[in-house]
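Chain residues, written in single-letter form:
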Amino acid sequence: MEHVWYRVKADSRLACTSATENSTIAIQASKPCPVIPIGLSLTPDFITELEAQRLIEYFDSNESLWNHKGFEKRRREQHYRLHEEGTNEELDWIVNRLKDHLGDSYQMPNELLVEERYPTVYVKAEKAGRLSSNTFETLHMVESPHCPCKLYRNGEKVDELWQTESSCSCYVAQITLINKCIQCVDKPKERKVECWDMESEQHKFKFVMEPLNLFVKTGEALWNWRSRITAFPIYGTVQSNVEKDLSRRVITLKFRSSMLPTHVLPQSSDQDQEEKKEEQGLIKNLSKDKKLEELLTIVVTTSPIKSNPSTEVLEKTFATFHHGGDNFAFSCPKVIVCDGCRVMSADNNVSKKYSNAKQSLRNGIATNDQAENYSKFKIALKNICKEAENDLMSPFHNTRVVELEERHGYGFALRHALYNEVTTPYVCVIQHDRTFMRRTPMEEVVRSMIHRSNIVKYVGLSMRSNLTYRDIIVSKYGRVAGSEIVDMVLYPPELALDAKVYGPDGSSARNLEAKGKLKENLDSLAQNYKGTIQGKSHVYKREGDKYQLSLTPTLYWYDNIHIVETSHYRDYIFNPMYRMVVRGGFVEDKLSPIITKSVERLGLREGHGKFKCYLLDDHSGYFFTGHLDGGSFMSQSEKDKRKVEKQDVP
């Protein structure tokens, strides 16, 4: 069903300019009574159709200047730097007209962004998601209620705001060519990238941008409102893509002017930049002199499961640590974080959601018996760690157990360990039922992260569900996005490793911890891997006795075994200001959609660059890690007991 539009008259909050002062000017809005942004102005018929055609022909003549933008490459852009002394004859006239129209209070625009769009197909069942996030017009990462130009006078920074709200002369001016389009706007309660709470329902709406009209944003409309321009969708067609139809083409011109000094525009504060450089330099200096145990702490999270008080799940998990190398298994400090639980008494009312025993334990709700078994489990676990203190070849050597009195959930239990127990620059995070399946280059991964501390903050180990992650991207976002992901793949020289161990012919894959039917299934999966995009797109393979492993960008923060720069977790992912992880939940559930939204707003490279997360693959066709499924795990004693019970049944 096509959207209903309401005619909203101009009032004092919508400063409209026209040739006839008494003429009634209105916009078509998606709501009958929206709050119009203060500082948004409209001038109808700012240019003629002939002038519009002249501009279109000029932009099309510069074919080499078009660049595809956005995650799915659905739009093209041209970018022009503008100066007061003029640009060229084809643009000077409109730049001068804009300057004359705005008056002496505003300077010449600094730049012109030309955007080309085509409509997308409206699918009724499609939820708002990809490509649906609004963003700030200027300096989206600056979380300030005022434009930073108020802190600068004549290019020099001042201590206090020197301008009044109305005297800020920064602006963005927009003109639409060929076809009308839609501008979506909203005003969050705080000027923060990840703030999704609006001032009110009326502070979020859409309005129509008719061709040839001029829209100018200043003040609050420019700084505190987010926006997004889209072409009008095609209604009534149930399909995901349509061929580009030139008759539906939309071109928008966006003139920008800012009073900020050039060196201020794209950067954080000088102090922040220096701190980042100092931190990165410090980490890089650790590479040559420090042993792995001085660089990496292993954090293992656990919580009540039905196999308690047995410690078999953790013992099986720790028994696979040797696949990460001797230094990893026996020398690195380890912290086991035992999350708390809520005890459910017999007279408690339990919702249907938690009536299932496995689901209840997953959410930290235990019966009295389960809580008692969990206490016994923790005592047994401490005894294992104590006995391993003098056993240098035990994976439990150099391990301490941390008990949390209250339930935190996986995310906040990990957060507690990072803030209180970890002193190394890197941390390896492992859930109690996640295991290594084969030889894994843990130390080499850490060394590669050290040398790329400004690019790589997270490296996840592959598992069955993400082994062909490049194919996942293509199936979800299309081949253009898949190609960009492939271009972003890293091939660190630290991960050019012994071909006898890694790669399709290496011993790591041959000595996989699997037998019988499972081994047959994994071998079949490895054969299929060769025909996938992940397998075919691996360009750096074997050179002599070395095989090159890769790091593929991921938009999903997997809670599976991963290595992360500790400060990235502590200072960014768990920063309470961003609210990217919630108490009681998993990191991946909350954080992964935020990564995707970041990519939707900023494009693949810039959006992913805030999180810097990658997946390791040696392109053998086998994944590195497995899953014991602690929620359903049966200890050996339980299995033996069931066998006896079955034998006793007549």
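Bear in mind the structure is a predicted one, so any value in this text is a computation, not a measurement.

### A few points about the overall build of the protein chain
Then step 1. Looking only at helices and strands, the protein chain features 20 helices and 31 strands.
Then step 2. Relative to its 650 residues, the protein chain shows a buried fraction of 52%.
Then step 3. Carbon and sulfur atoms make up 47% of the accessible area of the protein chain, which amounts to about 32000 Å² in all.

### A word on the sheet that holds strand β26 (residues 542–543)
Then step 1. Pairing in this open sheet of three strands is antiparallel, and the strands run β25-β27-β26 from one edge to the other. With partners counted over all chains shown, the strands left at the sheet margins are β25 (496–498) and β26, one partner each.
Then step 2. Relative to strand β27 (residues 546–548), β25 runs antiparallel, the two sharing three bridges. For leucine 497, the partnering residue across the bridge sits in β27 and is tyrosine 547.

### Concerning the pairing of strand β6 (residues 75–81)
Then step 1. Bridge analysis of strand β5 (residues 67–69) against β6 gives three bridges, and the strand direction is antiparallel. Across the sheet, the residue bridging to lysine 69 is arginine 75, located in β6.
Then step 2. The pairing of β6 with strand β7 (residues 111–117) spans six bridges and is classified as antiparallel. Residue pairing for β7: arginine 76 is matched across the bridge by glutamate 116.

### Quick notes on helix α11 (residues 442–451)
Then step 1. Most of α11 sits out of view: seven of its 10 residues are buried.
Then step 2. Listed as buried for α11 are Met442, Val445, Val446, Arg447, Ser448, Met449 and Ile450.

### Considerations on the pattern of salt bridges
Then step 1. Applying the stated criterion across every chain yields a total of 24 salt bridges.
Then step 2. Of the charged contacts, one joins lysine 376 and glutamate 372 as a salt bridge, the two residues approaching to 3.8 Å between their closest N and O atoms. Within this pair, lysine 376 and its partner glutamate 372 are both found in helix α9 (residues 368–387), separated by four residues, close to a single helical turn.
Then step 3. Taking relative accessible area as the criterion, lysine 376 reaches 43% and is therefore assigned partly exposed.

### Some remarks on the packing of helix α1 (residues 49–61) against helix α2 (residues 89–102)
Then step 1. Where α1 contacts α2, the two axes come as close as 10 Å, and the packing angle between them is 135°. Classified by the angle their axes make, α1 and α2 are oblique. Viewed along their axes, α1 and α2 form a crossing whose handedness is left-handed. Each of Glu51, Arg54, Leu55, Tyr58 and Phe59 in α1 lies in contact with α2, whose residues at this interface are Glu89, Glu90, Leu91, Trp93, Ile94 and Arg97.
Then step 2. Split into classes, the residues belonging to the contact of α1 with α2 amount to six nonpolar, no polar and five charged.

### Comments concerning the sheet that holds strand β28 (residues 550–553)
Then step 1. Judged by pairing direction, the sheet is mixed, and its eight strands sit side by side in the order β21-β18-β17-β22-β29-β24-β30-β28 without closing on themselves. Edge positions in the sheet fall to β21 (399–403) and β28, since each of these pairs with one other strand and no more. The mean angle between the axes of side-by-side strands here comes to 25°, regardless of whether they run parallel or antiparallel.

### Looking at the side chain of asparagine 466
Then step 1. By secondary structure assignment, the location of asparagine 466 is in the loop between β24 (458–461) and α12 (469–477).
Then step 2. On the basis of relative accessibility, which here comes to 2%, the residue asparagine 466 falls in the buried class.
Then step 3. There is a polar contact of 2.8 Å between the side chain of asparagine 466 and the backbone nitrogen of methionine 463.
Then step 4. With near-sequence residues (within four places) excluded, asparagine 466 lies in contact with Leu461, Ile472, Tyr558 and Leu615.

### Comments concerning unusual backbone geometry
Then step 1. Here the amide bond leading from asparagine 308 into proline 309 is cis, since omega sits at 15°, within 30 degrees of zero.
Then step 2. Here proline 309 shows up in the loop between β17 (296–302) and α6 (312–318).
Then step 3. Look at lysine 612: it is not a glycine, yet its phi comes out positive at around 55°.

### Digging into the pairing of strand β30 (residues 613–617)
Then step 1. Taken across its five residues, β30 has five buried, putting it largely inside the fold.
Then step 2. Alternating residues of β30 divide into Cys613, Leu615 and Asp617 and Tyr614 and Leu616, and every residue in both groups is buried.
Then step 3. Of the pairings in the sheet, the one linking β28 to β30 comprises four bridges and is antiparallel in character. Bridge pairing links proline 553 to tyrosine 614 in β30.

### Observations concerning the confidence of the model for the protein chain
In regions of low pLDDT, the predicted coordinates are not meant to be interpreted in detail.
Then step 1. In the predicted model, the protein chain carries a mean pLDDT of 82, and the fraction of residues at 70 or more is 77%.
Then step 2. The secondary structure element of the protein chain with the lowest average pLDDT is strand β2 (residues 14–16), at 44, and the one with the highest is strand β29 (residues 562–565), at 98.
Then step 3. Confidence drops under pLDDT 50 across residues 11–22; counting only partners more than four residues distant or on other chains, this segment forms 24 contacts.
Then step 4. Confidence over residues 122–131 falls short of pLDDT 50; this stretch has 17 contacts with residues more than four positions distant or in other chains.

### Details of the packing of aromatic side chains
Then step 1. Within the structure shown, the criterion is met by 20 aromatic pairs.
Then step 2. Pairwise contacts between aromatic rings join Phe318, Phe321, Phe328, Phe396 and Phe436 into one cluster.
Then step 3. A cation over a ring is seen here: arginine 226 above phenylalanine 136, with NZ or CZ 5.9 Å from the ring centre.

Conventions adopted
Residues numbered from 1 in each chain as written. Predicted model: local features only at pLDDT ≥ 70, side-chain atom pairs only at ≥ 80, totals over all residues. Heavy atoms only, no water. Helix = DSSP H or I, 4+ residues; strand = E, 2+ residues; numbered from the N terminus. Buried < 20%, exposed > 50% of the residue type's maximum accessible area, 1.4 Å probe, protein only. Areas by Shrake-Rupley, 256 points an atom, 1.4 Å probe, with all protein chains shown as cover. Pairing = 2+ DSSP bridges. Salt bridge = Lys/Arg side-chain N within 4 Å of Asp/Glu carboxyl O. Axes fitted to C-alpha atoms, helices over the stretch in contact; angles between N-to-C directions. Parallel < 35°, antiparallel > 145°, perpendicular 65-115°, else oblique. Left-handed = near helix turned anticlockwise from the far one by under 90°. Contact = heavy atoms within 4.5 Å. Nonpolar A, V, L, I, M, F, W, Y, C, P; charged D, E, K, R; others polar. Polar contact = N/O pair within 3.5 Å; in protein donor to acceptor, adjacent residues only side chain to side chain. pLDDT = per-residue confidence, 0-100. Phe/Tyr/Trp six-rings, centres within 6.5 Å; stacked < 30°, edge-to-face > 60°. Lys NZ or Arg CZ within 6 Å of the ring centre and 35° of its normal.

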